[in-house]
Amino acid sequence: MHIGRTVLLAFFLASFANAQNPLQNDPAAADTGRGVFRIYCSPCHGIRAQGARGPDLTQTLGASGKSDDDLFRIISTGSPGTEMPGFADSLDDENRWHTISYLRSIAKQQPAQVAGNAAAGRDLYWGKGGCPACHRIASKGGRLGPDLSRIGSARSAWYLRESVVAPSADITPGYNTIAVVQKDGKKITGVERGYDNFTAQLMDTTEEFHSFEKADVVSVKRESRSLMPDTYGKLLSAAELDDLLAYLTSLGRPEAGK
Amino acid sequence: MKLFALAAVPIFLVAADVSTQRLVQSQDDAASWLMYGKNYGAWRYSALKQIDSSNIARLAPQWIFQASGAAPMETTPLVFDGLMFFTGSANHAYALDLATGKEVWRYERPVPKGVQGCCGTVNRGFAALGSKLFKVNIEAKLVALDARSGEPLWETTVDDFKMGFSTTAAPLVVKNQVIVGIAGAEFGTRGFIDSYDAETGKRRWRFHTVAAPGEPGGDTWKSDAWQRGGGSTWVTGSYDPELNLIYWGTGNPGPDMNGDVRPGDNLYTCSMVALDADTGQLKWHFQFTPHDVHDWDATEDPVLVDLTIAGKKVKALIQANRNGFAYALDRTTGKMLAAKPYTKVTWASGIDKAGRPVLLPGQDPSEEGTVSCPGLGGGHNWQPTSYSPLTGLFYFGSSDGCQTYYKSEQQYVKGRWYQLSTAEPIAHASGVGSVIAVDPSTGETKWRFETVGAPSGGMLTTAGGLLFTGDRHGYFIAFDGRSGKPLWKFQTGGPIVGGPVSYLFQGRQYIAVAAGSSIIAFAIPGRVSNK
């Protein structure tokens, strides 16, 4: 066996796959990157990268095993199937590397552990919690709320906790509540599927789609509240809530299977 | 009402000849659209009136041109001599046949590696003179093209893109010179307005929008920060041929959110400057936001109108400023005539008689975040405004709301991003905006149409009493100009960001607008009333 050549080739491939940030020895790169991050990334990842609608990058990046090259690709082209868009059109190569320098400077290698038992949380989710009535995981469950199949990699832990106990605290874009009163007096309430200056589209609680011209109905209200019940903080004990959060944060995480 | 059937007249491409006289009289040439703002006063008002409230319901697309790779398009097309000329993002430009919308020629240049810009590789349009078209490329270049073929005739470097300079605004032709603005205040650049010889591309003069030590205004920079003081000029200005003055709005000082490193008023940032058209010498300036820390550029359209204020006629300049106030200035002297908020403003209680804002405390960006109104994008941002002499009203879009402003510290590195933080939306504050009609002599809002999210499109008014604009959801909309009532809409399938135009072709009035990566030409099909 040509072990030596195989090892050499593997080393070469590994090096290629883990292309390093060309600015890694530039002491000012992280500083510039923070400025770029605050403009382009903070709307989802938070002003200090601690997550909101996007993942907490201080916690998730270090453990993700992603190389600089992986990060460059994700920032450039986005992450298909997630809410992460690509920035190749708005940020040149150097500014994408600046951003990576900043992220490396703040990423913790030992992320905080989420308390709770994920297996017990899974049982709660599919049982007592009744979550599948509105949410989907791996193509099972309802369509009214956001698909949670990868929610652990898409949201920070604190944001998920807030979403469970106070679902209206921050609404994922496109999940506001739309309430329509038709000319015959009939009221239809559902989750936003579209809303603009002249029309509104919604999915009602039976997962039926409706589209309205605002001019053709008595009123259309777009309410900054979630249709999800705000009673989970009372329905679940503190320990159960931790378990549920442990399960949710494991969804879509590479380390979830460990 | 006289009705006539349109005859099938063959159209021949004729040698374009946009003379300086034709430009000065562009408002009388309702059939064409010869410059970014329609006329030198940037009115964006078409004297065409075939389309009005009585027939707007029948307005329909006649052709659509797909400019692949050119989105997003912030362009205002030019129309003359049987052709439409427009620019797109990423150094694209096109000429189209007005009869069919088919491409006649195309210009493309690759965007060089290393070009930086705050906001993409956008471009806002052409300028024209004789048989030449002028446009900027994103890498801070000015090019002249043959309007008949698209062939490049000359190319001039405006400045070094590696230092953070870029160019996005439609040039303004004045006499035989091409006036160009610059972008790049987020990269520690020092802004300017340039004049180039239309024949050769050679630079004639440069006016720096950031005063150096020893120059008038230089004492408003208390440190060496003037060297990277911003003051971009990224939206096209206007021109008064009688006064021979060019008016151009200037952008925010740099760094945007941290004013600690640049104490002083920071002239001539966030200002209107009036320059002698032949020499580029400063005749007057008016600073809207001294020592700005909220990124409230004053680059918005400077619109030249003659107003009657307190019974006296005055040559005025009106602007919907990003800082939340609508202003009227005397365009001969630069003195303020009126200023009034058109949206929620928390940073100033008003503007004093000398034109200086009366500041309110606790509004500056901070490390932990400071809520202030309006938000980062304004009030009104760069999108084209319109003045209608028919209604006497001034029309523009506004983002209505507040944002949390953050500042940070950062070492300046040549050519690198140097904004020193940003602003974030406020939770639960749903993004709302409005299309607004203002009485320009008082600043009083006459009507307001509330929109979902900030309005995105430019404005066009017509002698048919209509206001056209578009939104980010793809709707192209016609309003009654007097009442603000929406009369018609069409879903284009792409966000509308640029300025609509109107022109006459084979006796029929058209309205054209860029939407997404398309240009769409609308008209009323069938017989047309000859109003």
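The model shown is predicted, which means the values in this text are computed figures rather than measured ones. (Residues numbered from 1 in each chain as written. Chains lettered and ligands numbered in written order. Predicted model: local features only at pLDDT ≥ 70, side-chain atom pairs only at ≥ 80, totals over all residues.)

Along its length, chain A carries 11 helices and seven strands. Taken over 258 residues, chain A has a buried fraction of 34%. Excluding contacts between residues fewer than 6 apart, the proportion of contacts in chain A whose partners are at least 24 apart in sequence is 64%. (Helix = DSSP H or I, 4+ residues; strand = E, 2+ residues; numbered from the N terminus. Buried ≥ 20, exposed ≤ 12 C-beta atoms within 10 Å, placed from the backbone. Contact = placed C-beta atoms within 7 Å.)

This brings us to the nonpolar core. One finds B:Ala127, B:Ala128 and B:Val173 to be the most contacted residues of the largest nonpolar core, which totals 142 residues. Of all hydrophobic cores here, the second largest spans 28 residues; its members include A:Ala29, A:Cys41, B:Trp417 and B:Leu420. (Core = buried A, V, L, I, M, F, W, Y, C linked by C-beta atoms within 7 Å.)

Turning our attention to helix α11 (residues 238-250) of chain A. For the α-helix, the turn length of 3.6 residues means that residues three or four positions removed from each other point alike. Residues and elements named next belong to chain A. The terminal C-alpha atoms of α11, which comprises 13 residues, lie 18 Å apart, in line with the 18 Å expected from a rise of 1.5 Å per residue. Close packing links the buried residues of α11 with α7 (118-126), α8 (151-154) and α9 (157-165). Count one or two residues on from α11 and you reach Gly252, which has phi positive near 85°. (Expected span 1.5 Å × (residues − 1).)

A word on the sheet that holds strand β6 (residues 209-213) of chain A. All names here are of chain A. Read across the sheet, five strands follow the order β6-β5-β4-β3-β7 without closing on themselves; strand pairing throughout is antiparallel. Strand pairing shows two members of the sheet lacking a second neighbour, β6 and β7 (219-223), which therefore form its edges. Each adjacent strand pair in this sheet contributes to an overall mean axis angle of 40°, direction not counted. (Pairing = 2+ DSSP bridges. Axes fitted to C-alpha atoms, helices over the stretch in contact; angles between N-to-C directions.)

Turning our eyes to something else, we now look at the packing of helix α5 (residues 68-77) of chain A against helix α6 (residues 93-106) of chain A. All names here are of chain A. Contact pair α5 / α6: the axes reach a minimum separation of 10 Å and the direction vectors enclose 125°. As the angle between them shows, α5 and α6 are arranged oblique. For the pair α5 and α6, the crossing hand works out as right-handed. On α6, the residues touching Asp68, Leu71, Phe72, Ile75 and Ser76 of α5 are Arg96, Trp97, Thr99, Ile100 and Leu103. (Parallel < 35°, antiparallel > 145°, perpendicular 65-115°, else oblique. Left-handed = near helix turned anticlockwise from the far one by under 90°.)

So, on to the interface of chain B and chain A. Facing the 25 residues of chain B at the interface are 21 residues of chain A. Along the lines of polarity and charge, the residues of the side of chain B that touches chain A split into eight nonpolar, 13 polar and four charged. (Nonpolar A, V, L, I, M, F, W, Y, C, P; charged D, E, K, R; others polar.)

This part takes up helix α2 (residues 29-40) of chain A. Residues and elements named next belong to chain A. Along its 12 residues, α2 runs 16 Å from first to last C-alpha, staying within 8% of the 16 Å computed at 1.5 Å per residue. Judged by how many residues are buried, α2 sits mostly within the fold: 12 of 12 residues are covered. Along α2, the residues classified as buried are Ala29, Ala30, Asp31, Thr32, Gly33, Arg34, Gly35, Val36, Phe37, Arg38, Ile39 and Tyr40. Buried residues along α2 sit against α3 (42-45) and α6.

This paragraph deals with the confidence of the model for chain B. All names here are of chain B. On average, chain B scores 94 in pLDDT, and the residues at 70 or more come to 96%. Segment residues 1-14: pLDDT under 50, and 19 contacts once partners within four positions in sequence are set aside and those in other chains are kept. Overall fold confidence (pTM) sits at 0.90, and the ipTM for the predicted complex is 0.88. (pLDDT = per-residue confidence, 0-100.)

Once that is clear, we can look at the packing of α2(A) against α6(A). Residues and elements named next belong to chain A. Relative orientation of the contacting elements α2 and α6 amounts to 105°, with a least axis distance of 7 Å. The orientation of α2 relative to α6 falls into the category roughly perpendicular. On α6, the residues touching Ala29, Ala30, Thr32, Gly33, Arg34, Val36 and Phe37 of α2 are Asn95, Trp97, His98, Thr99, Ile100, Ser101, Tyr102 and Ser105. Counted by class, the contact of α2 with α6 contains seven nonpolar, seven polar and one charged residues.

It is worth spelling out the sheet that holds strand β21 (residues 312-320) of chain B at this point. Residue and element names in this part refer to chain B. What the four strands build is an open sheet, ordered β20-β21-β22-β23; its pairing is antiparallel. Unpaired on one side and paired on the other, β20 (303-309) and β23 (336-341) mark the two borders of the sheet. Between one strand and the next, the sheet's axes are offset by a mean angle of 30°, whatever the strand orientation. As paired strands, strand β22 (residues 325-330) and β23 are joined by five bridges and run antiparallel to one another. Bridging across to β23, Ala328 finds its partner in Ala338.

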